[in-house]
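Descriptive analysis of the structure
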Amino acid sequence: MNSISQLPDDIICKILSLLSLKEAVQTSVLSTRWRHLSLWLPSLDLNTRDFSDFNTFKSFGDRFFDSARVSCVHELKLSLGRVARNVDDESCFTSWINAAIKRKIQYLHFTGEFNLPWLLFSCETLVSLSLFDVTLDDAVSVVLPCLKTMHLDEIVYRSEATLETLISSCPVLENLEIVLSDADSGLFRVQSRSLKSFTIFRDKFIVLAASPGVVIDAPLLCYLSISDVVSESFTVNNLESSCNLDILLYFGLYAYALEIRGVSSRKSEIRKFLLGISRAGTMKICVHTCKIICRYSELEPLPQFCFMSRLCVPLWSANLRWLEQERLHELLYEEMDEISFSSVPECL
């Protein structure tokens with residue numbers, strides 16, 4: 001008898017969970033004792049690409065989530081590829097997720113064109129939720145008391161209120177990342193009294209129409225990353241004074257950012273955004289956003305950033321003229337050892 005086989009089943013299952021699903025299943029040929037251990041894994045990465053056909057994939061899933069065998073599911077990664085797109089009966093996926101909820105799942109990563117059961121959004125043990133390419137319908141009740149991390153990528157929301165309800169129903173949510181799709185054209189509201197880190201991507205450079213924008217109200221926010229070329233407005237309320245910002249924001253002016261008439265048309269939106277982030281402690285902004293702010297400064301004075309300790313603006317040397325209102329007197333070349341400004345703000 002080898003020493004590994006003498007270990008308790010739960011220890012062996014933890015070891016198997018470090019392997020790929022294919023490798024874990026292959027261990028069943030080692031001995032009679034190992035035959036069904038792969039069905040007791042606390043963590044499972046189930047992907048249709050790892051199976052020859054959908055029936056084999058479904059068969060394994062049904063056996064794994066058999067109520068007579070599974071006692072606990074700590075983490076589940078379930079990826080439904082092209083094989084599952086033409087499936088008429090999606091009830092098996094619903095039953096798998098419901099089985100995982102009953103077995104106190106903590107980490108769920110789900111990918112696939114599928115309407116998730118709303119039972120998932122009343123899971124009392126879920127700590128981390130990652131969803132990609134799924135559809136979320138409006139729910140009567142959402143309660144996720146332990147959820148701390150949520151990643152939403154290319155989600156189809158039935159209404160603007162769907163996302164707002166989902167976020168506000170997570171009382172201990174700390175980390176949120178949202179990737180908005182081309183179809184998301186509504187006004188999104190993010191309200192959370194616990195959120196500490198928020199990242200939002202709407203980085204589509206081929207823009208057909210601008211979007212109303214995003215409103216954030218998260219007083220404990222310590223990190224905010226914005227990459228949004230579509231939203232006309234971006235409002236930040238109750239920002240923490242030590243918040244770290246990373247901003248790529250065009251206010252829907254990708255093609256007209258350098259034209260004063262374009263910036264003038266978004267003047268109120270830009271003013272509201274700058275006032276909202278004026279308490280930031282450190283900030284990194286892209287050159288395009290910097291140009292918009294400089295154009296805006298020609299129309300109205302900028303607010304005071306009294307808590308700012310560090311500002312980073314990645315620039316080409318040709319863009320340095322945007323750093324001061326009075327243009328540099330001499331041409332700036334692409335390569336130079338030293339750069340001199342005619343004036344430097346006292347805060348620097």
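This is a predicted model, so every value here is computed, not measured.

Some points on the overall build of the protein
Along its length, the protein carries eight helices and 16 strands. Split into buried and exposed, the 348 residues of the protein put 45% on the buried side. Nonlocal contacts in the protein, meaning residues at least 24 apart in sequence, comprise 51% of its contacts between residues at least 6 apart. Total accessible area computed for the protein in this model is approximately 18600 Å², and 51% of it derives from carbon and sulfur atoms.

With respect to the packing of helix 3 (residues 54-64) against helix 4 (residues 91-102)
Where helix 3 meets helix 4, the axes come as close as 10 Å, and the angle between the chain directions of the two elements is 30°. Between helix 3 and helix 4, the crossing angle belongs to the class labelled roughly parallel. By crossing handedness, the relation of helix 3 to helix 4 is classed as left-handed. Residue-level inspection shows F54, F57, K58, G61 and D62 of helix 3 in contact with helix 4, the latter providing C92, F93 and W96. Tallied by class, the residues present in the contact of helix 3 with helix 4 amount to five nonpolar, one polar and two charged.

Thoughts on the side chain of S128
With respect to the helices and strands, the residue S128 is situated in strand 4 (residues 128-132). The class of S128 is buried, set by a relative accessible area of 18%. Once residues within four sequence positions are removed from consideration, S128 is found in contact with Q106, Y107, L108, L147 and T149.

Side note on the pairing of strand 3 (residues 107-111)
Note: strand 2 (residues 75-79) against strand 3, five bridges, orientation parallel. Of the residues in strand 3, the one forming a bridge with L78 is F110. Sheet topology note: the strand 3/strand 4 ladder contains five bridges and is parallel. Across the sheet, residue Y107 finds its bridge partner in strand 4, namely S128.

Section: the packing of helix 7 (residues 267-276) against helix 8 (residues 287-297)
Where helix 7 contacts helix 8, the two axes come as close as 11 Å, and the packing angle between them is 110°. When the interaxial angle is binned, helix 7 and helix 8 end up roughly perpendicular. Across the interface between the two elements, K267, I270, R271 and L274 from helix 7 touch I292, I293 and Y296 from helix 8. Partitioned by chemical class, the residues of the contact of helix 7 with helix 8 number five nonpolar, no polar and two charged.

Considerations on the pattern of salt bridges
Two side chains bearing opposite charge may form a pair once their charged atoms approach each other closely. Summed over the entire model, instances satisfying the criterion amount to seven salt bridges. A salt bridge links K58 to D62, with the nearest nitrogen and oxygen atoms 2.8 Å apart. Taken together, the residues K58 and D62, both in helix 3 and four residues apart, mark about one turn of the helix. Note on D62: relative accessible area 31%, which makes it partly exposed.

Some words on the sheet that holds strand 3
An order of 1-2-3-4-6-8-10-12-14-15-16 is seen for the 11 strands of this open sheet, with the pairing classed as parallel. One side of each edge strand has no neighbouring strand; the edge strands of this open sheet are strand 1 (43-47) and strand 16 (310-312). Within the sheet, the average angular offset between the axes of one strand and its neighbour, ignoring direction, is 5°. Direction of pairing for strand 4 relative to strand 6 (residues 149-153): parallel, over a ladder of five bridges. Bridged to F132 within strand 6 is D153. Where helix 3 meets the sheet, it contacts strand 1 and strand 2, and its direction lies at approximately 160° from that of strand 1.

Re the nonpolar core
Membership of the largest hydrophobic core comes to 81 residues, with the highest contact counts inside it found for L116, F121, L131, M150, F198 and F273. No other element matches helix 4, which puts seven residues into this core. Apart from residues no more than four positions distant in its own chain, F273 is found in contact with I226, F234, V236, I247, L249 and F251.

Let's talk about the environment of L220
Looking at the element boundaries, L220 is found in the loop between strand 11 (211-217) and strand 12 (223-228). L220 sits 28 residues away from S192 along the chain, and the two C-alpha atoms are 8.5 Å apart. Those residues in contact with L220 that sit more than four places away from it in its chain are R193, S194, L195 and K196.

As for the packing of aromatic side chains
Counted under the stated rule, the structure contains 10 aromatic pairs. Here F54 and F93 contribute two aromatic rings whose centre-to-centre distance is 6.0 Å and whose plane-to-plane angle is 85°, an arrangement assigned as edge-to-face. Of the two residues, F54 sits in helix 3 while F93 sits in helix 4, which places them 39 residues apart along the sequence. Accessibility expressed as a relative area gives 1% for F93, which makes it buried. Each ring, one from F65 and one from W96, has its centre 5.8 Å from the other, and the planes form 20°; the classification is stacked. Here F65 is found in the loop between helix 3 and strand 2, whereas its partner W96 is found in helix 4, with 31 residues between them in sequence.

How each quantity is defined
- Residues numbered from 1 in each chain as written.
- Predicted model: local features only at pLDDT ≥ 70, side-chain atom pairs only at ≥ 80, totals over all residues.
- Heavy atoms only, no water.
- Helix = DSSP H or I, 4+ residues; strand = E, 2+ residues; numbered from the N terminus.
- Buried < 20%, exposed > 50% of the residue type's maximum accessible area, 1.4 Å probe, protein only.
- Contact = heavy atoms within 4.5 Å.
- Areas by Shrake-Rupley, 256 points an atom, 1.4 Å probe, with all protein chains shown as cover.
- Axes fitted to C-alpha atoms, helices over the stretch in contact; angles between N-to-C directions.
- Parallel < 35°, antiparallel > 145°, perpendicular 65-115°, else oblique.
- Left-handed = near helix turned anticlockwise from the far one by under 90°.
- Nonpolar A, V, L, I, M, F, W, Y, C, P; charged D, E, K, R; others polar.
- Pairing = 2+ DSSP bridges.
- Salt bridge = Lys/Arg side-chain N within 4 Å of Asp/Glu carboxyl O.
- Core = buried A, V, L, I, M, F, W, Y, C linked by side-chain atoms within 4.5 Å.
- Phe/Tyr/Trp six-rings, centres within 6.5 Å; stacked < 30°, edge-to-face > 60°.

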